[in-house]
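Coordinates in review
Spelled out, the chains give:
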Amino acid sequence: MLKKIILSGMRPTGKLHIGNALGALSNWISLQDEPGTLCYYMVADWHALTTDYKDPSATEKNIEDMVLDWIAQGLDPEKSIIFRQSWISEHADLALILSMITPLAWLFRNPSYKEQMSELKEKEIATHGFLGYPVLQAADILLYRATHVPVGEDQLPHLELTREIARRFNHIYGKNILLEPAAILSPSPRVAGLDGRKMSKSYENCIYISENESAIKKKINSMFTDPTRIKATDRGHPDPCPENPTGCAVFATHKLYTSQAPTLNARANACREGQLSCSQCKNELFLSVNNALAPMREKRESLAAKKGRVSEVLRAGTQKAKVMANSTYGSVRDALHFAV
Ligand code: TRP
Ligand code: SF4
């Protein structure tokens, strides 16, 4: 008996960094093994176009890189339906219908719209498509009658809008056609970038999960540490943690890759007492990170060697996803008394 239908998506921005892997993706992967759960995971390529419409030439490469990372991490095309948004025309079709009933005021008050309008000034995103971003997202979710949507905290307003749009549709057309989904909040560990700021592609401070050994080593060696420690015997900050302004990105990353608290405490103590040099500490971090990433790197390389494997996965997933999308869209047209 199916208890949960999961749908989530990511915009194809290329390779994933370790922050992505420990956040949203780890959630997706654990959901695919829950009994009674059907998972749809979508490449949101139309959504990528809302901000990067001027040069979409890297889209195919970005999709390939992202999906390779998904599978290398453990997303399994045998367990989950992995598909591509723009290959199923019902996404754009349903978004158009939903746009008819969505009041502009709902879109203008969307916090991520306001935030991005002020942050992404150079991208000229004062467009119809960008304002309508959450309407398209609502279509993605509602087409699959998703009961649950795993998302990061930043996406909660979009999910609330989806629920409001579904309710309004059902209210106007007097039928219970669209299903209001619930959120499953993905963990969002605070992952420090190489420079100590939040890890983000736009800061160019990321460690990517597909990175090779020597690149990881180089990056970790360049990482921000406690600025008060110059000699190995200097005493470190009493709390070498990233929440603290004098904290250390190396320590923050050890936290993510060390499961035992005593080991972490011992490290913090050794740092504080001036008994651990930053270069040794970095070398140990390199070993843990590399250990964690090595099996995925291998899996990714063997997948990448099979040319066309990613598009095969996406084509097969798209065939499966289409069935549900088509059925919901049919009911929607029906509710409007538009013949199919
Ligand atoms: N907006 C989401 C993000 O930026 C991506 C996305 C598109 C999505 N469609 C979705 C997420 C549907 C969940 C459900 O992360
Ligand atoms: Fe950071 Fe480790 Fe150096 Fe301490 S020893 S400052 S935790 S890198």
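Per chain, residue numbering runs from 1 following the sequence as it is written. Each chain is given a letter, starting from A, and each ligand a number, starting from 1, according to the order in which they appear as written. Local features are withheld for residues below a pLDDT of 70 in this predicted model, meaning they are given only at 70 or higher, and side-chain atom pairs are given and counted only at 80 or more; totals for whole chains, interfaces and linings count all residues. Values shown for side chains rest on all heavy atoms present in the structure; no hydrogens or waters enter the calculation.

A separate point is the site of ligand 2. Proximity is defined per residue: if any heavy atom of the residue lies within 4 Å of a molecule or strand, that residue is considered near it. Neighbouring ligand 2 are Thr225, Asp226, Arg229, Cys248, Val250, Phe251, Cys271, Leu276, Cys278 and Cys281. All residues other than Ala, Val, Leu, Ile, Met, Phe, Trp, Tyr, Cys, Pro, Asp, Glu, Lys and Arg, Gly among them, are scored as polar; the first ten of these are nonpolar and the last four charged. The residue makeup of the shell around ligand 2, split by class, is 7 nonpolar, 1 polar and 2 charged.

Turning to unusual backbone geometry, a few remarks are in order. In the Ramachandran plot, Arg145 falls in the positive-phi region, its phi being about 50° despite a non-glycine side chain. The secondary structure listing takes helices from DSSP runs of H or I that are at least 4 residues long and strands from runs of E that are at least 2 residues long, numbered from the N terminus. Its place among the elements puts Arg145 in the loop between α8 (133–143) and β4 (148–151). Only protein chains enter the area calculation, which uses a 1.4 Å probe; residues under 20% of their type maximum are buried, those over 50% are exposed, and those in between are partly exposed. Note on Arg145: relative accessible area 25%, which makes it partly exposed. Even without being glycine, His337 reaches a positive phi, approximately 60°. Among the residues examined, His337 registers a relative accessible area of 70% and is labelled exposed.

Judged by side-chain polarity, Trp46, Leu49 and Tyr53 come together as a nonpolar surface patch covering roughly 250 Å² of accessible area. Mapped onto the elements, Leu49 comes out in helix α2 (residues 45–51). Every patch collects residues that have over 30% relative accessible area and no salt bridge, joining them within 9 Å if they carry like charges and within 5 Å if they are nonpolar side chains (Val, Leu, Ile, Met, Phe, Trp, Tyr). Here the Shrake-Rupley method, with its probe set to 1.4 Å, supplies the accessible areas, and only the displayed protein chains count as covering residues. A carboxyl oxygen of Asp or Glu within 4 Å of a side-chain nitrogen of Lys or Arg is what we treat as a salt bridge.

All right, on to the site of ligand 1 then. Taken together, the neighbourhood of ligand 1 is formed by 14 residues, with Arg11, Tyr133, Gln137, Asp140 and Gln155 sitting nearest. In protein, a polar contact requires one atom able to donate a hydrogen and another able to accept it; more generally it is a pair of N or O atoms within 3.5 Å, and residues adjacent in sequence count only if both atoms are side-chain atoms. Separating an oxygen atom of ligand 1 from a side-chain N or O atom of Arg11 is a distance of 3.2 Å. One of the side-chain N or O atoms of Asp140 is found 2.7 Å from a nitrogen atom in ligand 1. When ligand 1 is considered free in solution it has 370 Å² of accessible area, and contact with the protein chains removes 92% of it. The biggest single contributor to the shell around ligand 1 is α8, with 4 residues.

Tracing the backbone through its elements, the reader meets Thr37 in strand β2 (residues 37–43). Side-chain polar atoms of Thr37 contact the backbone oxygen of Glu34, separated by 3.3 Å. Not counting residues up to four positions away in its chain, the partners in contact with Thr37 are Leu2, Lys4, Ile6 and Leu31. Only heavy atoms enter the contact rule, under which two residues are in contact if any of them lie within 4.5 Å.

Aromatic pairing here means that ring centres of Phe, Tyr or Trp (its six-membered ring) are within 6.5 Å. Orientation follows from the plane angle: under 30 degrees is stacked, over 60 is edge-to-face, and everything else is tilted. Taken as a whole and assessed by the stated rule, the structure comprises 9 aromatic pairs. Ring geometry for Tyr40 against Phe83: centres 6.4 Å apart, planes inclined by 90°, an arrangement best described as edge-to-face. Pair noted here: Tyr40 is in strand β2 and Phe83 is in strand β3 (residues 81–84), with a separation of 43 residues, a long-range link. In this pair, the class of Tyr40 matches that of Phe83, namely buried. Aromatic pair Phe108 and Tyr113: ring centres 6.0 Å apart, planes at 65°, arrangement edge-to-face.

Judged by which residues are buried, β3 turns out to be covered on both faces: Ile81 and Phe83 on one side and Ile82 and Arg84 on the other are all buried. The sheet contact formed by β2 and β3 spans 4 bridges and is parallel. Pairing of Tyr41 across the sheet is with Ile82, part of β3. A pair of strands is considered paired only if DSSP assigns at least 2 bridges between the two.

On to the domain arrangement of the protein chain. For the protein chain, the assigned domains are domain 1 (4–191 + 307–335) and domain 2 (211–301). Each domain's limits were defined by an automated method or a database of domain assignments. Distance between the C-alpha centres of domain 1 and domain 2: 35 Å. Contacts between the two partners involve 13 residues from domain 1 and, on the opposite side, 9 residues from domain 2. Each partner contributes to the roughly 950 Å² buried at the junction of domain 1 and domain 2, and carbon and sulfur atoms together form 61% of this total. Buried area: the sum, over both parts, of the accessible surface (1.4 Å probe) that disappears when the two are put together. On the domain 1 side of the contact with domain 2, Ile18, Ala72 and Arg190 bury the most area, a combined 50% of that side's loss. Our enumeration of links across domain 1 and domain 2 arrives at 2 salt bridges. Salt-bridge contacts for Asp69 lead to Arg300; the nearest nitrogen and oxygen are separated by 2.6 Å. There are 3 residue pairs in polar contact (both at pLDDT 80 or more) connecting domain 1 and domain 2. Those elements that provide at least two residues to the side of domain 1 that touches domain 2 are α1 (18–31) and α3 (59–73). When residues of the side of domain 1 that touches domain 2 are assigned to their parent elements, the largest contribution, 6 residues, is made by α3. Broken down by class, the residue content of the side of domain 1 that touches domain 2 amounts to 7 nonpolar, 2 polar and 4 charged.

This part covers the environment of Lys4. The topology assignment puts Lys4 in strand β1 (residues 4–10). Take Lys4: its relative accessible area is 22%, and that puts it in the partly exposed class. As a C-alpha pair, Lys4 and Ser86 span 82 residues in sequence and 24 Å in three-dimensional space. If sequence neighbours within four positions are ignored, Lys4 has contacts with Glu34, Gly36, Thr37, Leu38, Thr147 and His148. Among the polar contacts made by the side chain of Lys4, one reaches the side chain of Glu34 at a distance of 2.9 Å.

Next up on the list: the side chain of His91. Among the secondary structure elements, His91 is positioned in helix α4 (residues 90–101). Only 2.8 Å separates the side chain of His91 from the side chain of Asp140, close enough to count as a polar contact. What His91 contacts, discounting residues up to four positions off in sequence, is Met42, Phe83, Gln85, Leu136, Ala139, Asp140, Leu143 and Tyr144.

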